[in-house]
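Structural description and commentary
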Amino acid sequence: MPLTDPQPYPHPGPRPGPAPESGIPGPAGLPVLGSMLDLRRDSLTTFVNARRTHGDVVRLVAGPPGLRSVFHAVFAPEGVQQILASQAANFRKDHPLYEEVRQAFGNGLLTSQDSDYLRQRRLVQPLFTKRRVDSYAAAVTTEAGTLAERWRTAGGHTVDLVPEMNRLALRTVARILFGLDAAAAEDAFHRCAPVINAYVVRRAYVPVKVPREWPTPANLRARAATDELNALCDRIIADRRAARGAAGKARDAADGRDPGDDLLSLLAVAGNDEDGSLDATEVREQVLIFLLAGHETTATSLAFTLHLLARHPEEQHRVREEIDRVLGGRTPTAADLDRLPYLTQALKESMRLYPAAPVISRRAVAATEIGGYRIPAGADVVVAPWVTHRSAELWEDPERFDPRRFAPEREAGRHRYAWFPFGGGPRACIGQHFSMLESVLALAVLLRTYEFEAVDQEVPVAAGITLQATGPARVRLRPRDGAGE
């Protein structure tokens, strides 16, 4: 369940700090607008082309004079490691998009910094220990099994994996982190979240921002969506606190957990800490960011893994043989995670090709040398899993789907930051193990129950706050006789 960094398009507006060094190569773009239109049309392809033409450190200019943004993209694993890990203190989450995310979703674990971040992470960390995460397995397989049964009884033979996996991931994270049934929240999240996401991305990149208080159509739509989600989160918090009785205990027991073993319970207990607690607004912000970021990224990994396996039946067959051999028809558990290595490799390969956080942004505090170039103080800097994961120097035939790339012996010989879908360093995703456990177990349940055949061979994508499928990922389902019984 990655709490990932937002996609940083350039911010075509005034930016603190000195101008970047002109010696860094980069695309010239249009005479007045630079690369702005290319980045807005297709930022991912623009970054790939920039790396292919200009190398591993690239300078991009976007916007008209007076409202121009200059930023640096770093693609080599060694540079990525500097920015995210070894010199992480010098690269902060001060990009304009982060401020828009804070305004929309609050200052939760994704966007907070300094003492706020350390306090929030300390409060939430107990939820993501390996022992605690392993205890979530029953909830994951219950939700995946419910979806598999709904597919069986619905009578349809074709499904779109994008909305289906979004629904599954939302229901799973809601059950695990908040101890609730997400059915009542699904419509609100799927209706409101795209409105807010589009609004945040658009505001982050316009030259002049209209004040949020002005009654423009865009402001009114975003305000209504935000108010609805805030009210929903307040209701979730109130309902969970009121449901500490028999129903809540029964659901916790069914999932193999102690009563109250969820995020809201931890936050409530945190209110007794000496060094500060979370007020009602902060609790709501944590609920909102975990529900949104926690389900969207995992849903992306699930949808694209299933779709890639549907497009490559030989790989799907090999994965299913492993599932059948290990499980023998039983429901998977946390102990099976290490027993399903090829399924895990297929998931990792999907996350290489379709990382849920395709680009990660930072801003340099002090001037730093990366890849032989001087990145000035105050410069906006991005690293891009989408690009690094497609480097021909790091990955043979990089556009090909090949789970064998992640065999242990091949992983051991690869740079740590050749593959970084969860980020890295001190701000690495707090939910990495949770995401992998949830994904592997859910995939095992679905793949042991159905064979998948791709209807859509390619799925168009775009970079928003997270990677977004802009078209369907439809597959035909073929129930396997006796599977899951």
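None of these values were measured; they are calculated from a predicted model. (Residues numbered from 1 in each chain as written. Predicted model: local features only at pLDDT ≥ 70, side-chain atom pairs only at ≥ 80, totals over all residues. Heavy atoms only, no water.)

1. Section: the overall build of the chain
- Across its full length, the chain holds 17 helices and 12 strands.
- Considering the chain as a whole, with its 485 residues, one finds that 57% of them fall into the buried category.
- Within the chain, contacts between residues at least 6 apart in sequence are counted, and of these 75% link residues at least 24 apart.
- Accessible area of the chain: about 19,000 Å², with a carbon and sulfur share of 53%. (Helix = DSSP H or I, 4+ residues; strand = E, 2+ residues; numbered from the N terminus. Buried < 20%, exposed > 50% of the residue type's maximum accessible area, 1.4 Å probe, protein only. Contact = heavy atoms within 4.5 Å. Areas by Shrake-Rupley, 256 points an atom, 1.4 Å probe, with all protein chains shown as cover.)

2. Let's talk about the sheet that holds strand S12 (residues 474-479)
- Ordered in space as S4-S12-S9, the 3 strands form an open sheet in which the pairing is antiparallel. At either end of the open sheet lies a strand with only one pairing partner, and these are strand S4 (158-160) and strand S9 (450-454). For this sheet, the mean angle separating the axes of adjacent strands, direction not counted, is 35°.
- Summarising the sheet, S9 and S12 pair through 5 bridges and their orientation is antiparallel. When the sheet's bridge partners are listed, Ala-454 is paired in S12 with Val-475. (Pairing = 2+ DSSP bridges. Axes fitted to C-alpha atoms, helices over the stretch in contact; angles between N-to-C directions.)

3. Some details on the pairing of strand S5 (residues 360-364)
- With 5 of 5 residues buried, S5 is to be regarded as a mostly interior element.
- Where burial is concerned, the two faces of S5 agree: the one with Ile-360, Arg-362 and Ala-364 and the one with Ser-361 and Arg-363 are both buried.
- Here strand S3 (residues 91-92) runs beside S5; their pairing, made up of 2 bridges, is antiparallel. When the sheet's bridge partners are listed, Arg-92 is paired in S5 with Arg-363.
- Across 4 bridges, the pairing between S5 and strand S8 (residues 380-383) is antiparallel. From the neighbouring strand, Arg-362 faces S8, where its bridge partner is Val-381.

4. Observations concerning the side chain of Arg-448
- With respect to the helices and strands, the residue Arg-448 is situated in helix H17 (residues 432-449).
- Nearest to the buried, unbridged Arg-448 among oppositely charged side chains is Asp-324, at 7.6 Å.
- Within polar-contact distance, the side chain of Arg-448 engages the backbone oxygen of Gly-329 at 3.2 Å. (Lys, Arg positive; Asp, Glu negative; His and termini not counted. Salt bridge = Lys/Arg side-chain N within 4 Å of Asp/Glu carboxyl O. Polar contact = N/O pair within 3.5 Å; in protein donor to acceptor, adjacent residues only side chain to side chain.)

5. So, the environment of Arg-405
- Here Arg-405 is to be found in the loop between helix H15 (385-388) and helix H16 (408-412).
- Separated by 59 residues in sequence, Arg-405 and Ala-346 have C-alpha atoms that sit 9.1 Å apart.
- Those residues in contact with Arg-405, other than ones at most four positions away along the chain, are Glu-349, Arg-352, Trp-395, Glu-396, Asp-397, Pro-398, Arg-400, Arg-410, Glu-411 and Arg-414.

6. Here we look at the packing of aromatic side chains
- Counted according to the given criterion, the structure contains 12 aromatic pairs.
- Seen in terms of ring centroids, Phe-128 and Phe-290 are 6.0 Å apart; in terms of plane orientation they differ by 10°. Their pairing is stacked. Residue Phe-128 is located in the loop between helix H4 (114-124) and helix H5 (130-134), and its partner Phe-290 is located in helix H12 (residues 280-311); the two are separated by 162 residues in the primary sequence.
- Taken together, Phe-128, Tyr-136, Phe-290 and Phe-434 form an aromatic cluster joined through their ring pairs.
- If you follow Arg-318 out to its NZ or CZ, it ends over the ring of Tyr-342, 4.0 Å from the centre.
- One Lys or Arg, Arg-352, reaches over the ring of Trp-395 and ends 5.2 Å from the middle of that ring. (Phe/Tyr/Trp six-rings, centres within 6.5 Å; stacked < 30°, edge-to-face > 60°. Lys NZ or Arg CZ within 6 Å of the ring centre and 35° of its normal.)

7. Looking at the nonpolar core
- Core analysis: the biggest nonpolar cluster contains 124 residues, and Phe-47, Trp-151, Met-165, Leu-177 and Phe-452 have the highest contact counts within it.
- Membership of the second largest hydrophobic core comes to 16 residues, among which are Ile-24, Ala-364, Ile-370 and Phe-420. (Core = buried A, V, L, I, M, F, W, Y, C linked by side-chain atoms within 4.5 Å.)

8. Considerations on helix H7 (residues 161-178)
- Taking 1.5 Å per residue, 18 residues should reach 26 Å; H7 reaches 25 Å between its end C-alpha atoms and fits that length.
- Where H7 starts, the residue carrying a side-chain oxygen 3.1 Å from the main-chain nitrogen of Val-162 turns out to be Asp-160.
- After H7 finishes, the residue Gly-179 shows a positive phi value of roughly 60°. (Expected span 1.5 Å × (residues − 1).)

9. Notes on the layout of surface pockets
- The space that makes up the largest pocket amounts to roughly 730 Å³.
- Lining the largest pocket are 37 residues; nearest its centre among them are Asn-197, Thr-466, Leu-467, Gln-468 and Ala-469.
- Listed by contribution, the elements that provide at least two residues to the lining of the largest pocket are helix H1 (36-54), H7, helix H8 (183-205), H12, strand S10 (461-463) and strand S11 (467-469).
- Here the element with the most residues in the lining of the largest pocket is H8; it accounts for 9 residues. (1 Å grid on protein atoms, 1.4 Å probe; cavity = no way out; pocket = protein on both sides within 12 Å on 5 of 7 lines; lining within 4 Å. Points joined across faces, edges and corners; volume = space filled by probe spheres on them.)

10. Comments concerning the confidence of the model for the chain
- Summing up the model confidence of the chain, the mean pLDDT is 86 and the portion of residues at 70 or higher is 87%.
- For residues 6-21, every residue scores under 50 in pLDDT, and the model assigns this stretch 74 contacts once sequence neighbours within four places are set aside. (pLDDT = per-residue confidence, 0-100.)

11. Concerning the packing of helix H6 (residues 137-154) against H17
- Close contact between H6 and H17 brings their axes to 9 Å; oriented N to C, the two are set at 30°. Like other packed secondary-structure pairs, H6 and H17 cross with a definite hand, here right-handed. Along the contact surface, H6 presents Ala-137, Val-140, Thr-141, Ala-144, Gly-145, Leu-147, Ala-148, Trp-151 and Arg-152, while H17 presents Leu-437, Glu-438, Leu-441, Ala-442, Val-445, Leu-446 and Thr-449.
- When its residues are assigned to classes, the contact of H6 with H17 shows 11 nonpolar, 3 polar and 2 charged. (Left-handed = near helix turned anticlockwise from the far one by under 90°. Nonpolar A, V, L, I, M, F, W, Y, C, P; charged D, E, K, R; others polar.)

12. Let's talk about the pattern of salt bridges
- All chains considered together, the criterion is met by 35 salt bridges.
- Residues Arg-119 and Asp-116 are paired through a salt bridge, measuring 3.8 Å at the closest nitrogen-oxygen approach. Residue Arg-119 and its partner Asp-116 are both found in helix H4; the two are separated by 3 residues, about one turn of the helix.
- Of the residues examined, Asp-116 reaches a relative accessible area of 31% and is grouped as partly exposed.
- Put simply, Asp-336 and Arg-339 hold a salt bridge, and the shortest N to O gap is 3.1 Å.
- Residue class for Asp-336 comes out buried when judged on its relative accessible area of 0%.
- For Arg-339, a relative accessible area of 45% gives the class partly exposed.

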